[in-house]
Amino acid sequence: MGPSPDEMWEWAEQQAAAVPAWSEERWQRVNAIFGVRLADERAAQHQQEAA
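Just so you know, these numbers come straight off a predicted model, no measurement behind them.

J.: Explanation requested: a negative patch on the surface in the structure shown.
T.: On the surface, a cluster of negative charge is made up of Asp6, Glu7, Glu10 and Glu13. Mapped onto the fold, Glu10 is located in helix α1 (residues 5–18). Taking relative accessible area as the criterion, Glu10 reaches 48% and is therefore assigned partly exposed.

Okay, structure coming up:
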């Protein structure tokens, strides 16, 4: 039997926490390469607070 869903989420959160956050400069370079602006959590949070 495999891991429980809670164990899988815990593992996923640990993996995400181990990855360093991207700088604003790196986001800008990625956006320029793909010609899109990817939503970031800060912008989404500001929009939610404004509503």
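J.: What is the right way to look at a nonpolar patch on the surface in this model?
T.: Among the surface-exposed residues, Ile33, Phe34 and Val36 lie close enough to one another that they form a single nonpolar patch of about 340 Å² accessible area. Assignment of secondary structure puts Val36 in the loop between α2 (24–34) and α3 (41–50). Its relative accessible area of 41% is what places Val36 among the partly exposed residues.

Conventions adopted
Residues numbered from 1 in each chain as written. Predicted model: local features only at pLDDT ≥ 70, side-chain atom pairs only at ≥ 80, totals over all residues. Heavy atoms only, no water. Patch = residues over 30% accessible without salt bridge, like charges linked within 9 Å, V, L, I, M, F, W, Y side chains within 5 Å. Areas by Shrake-Rupley, 256 points an atom, 1.4 Å probe, with all protein chains shown as cover. Salt bridge = Lys/Arg side-chain N within 4 Å of Asp/Glu carboxyl O. Lys, Arg positive; Asp, Glu negative; His and termini not counted. Charge placed at Lys NZ, Arg CZ, Asp CG, Glu CD. Helix = DSSP H or I, 4+ residues; strand = E, 2+ residues; numbered from the N terminus. Buried < 20%, exposed > 50% of the residue type's maximum accessible area, 1.4 Å probe, protein only.

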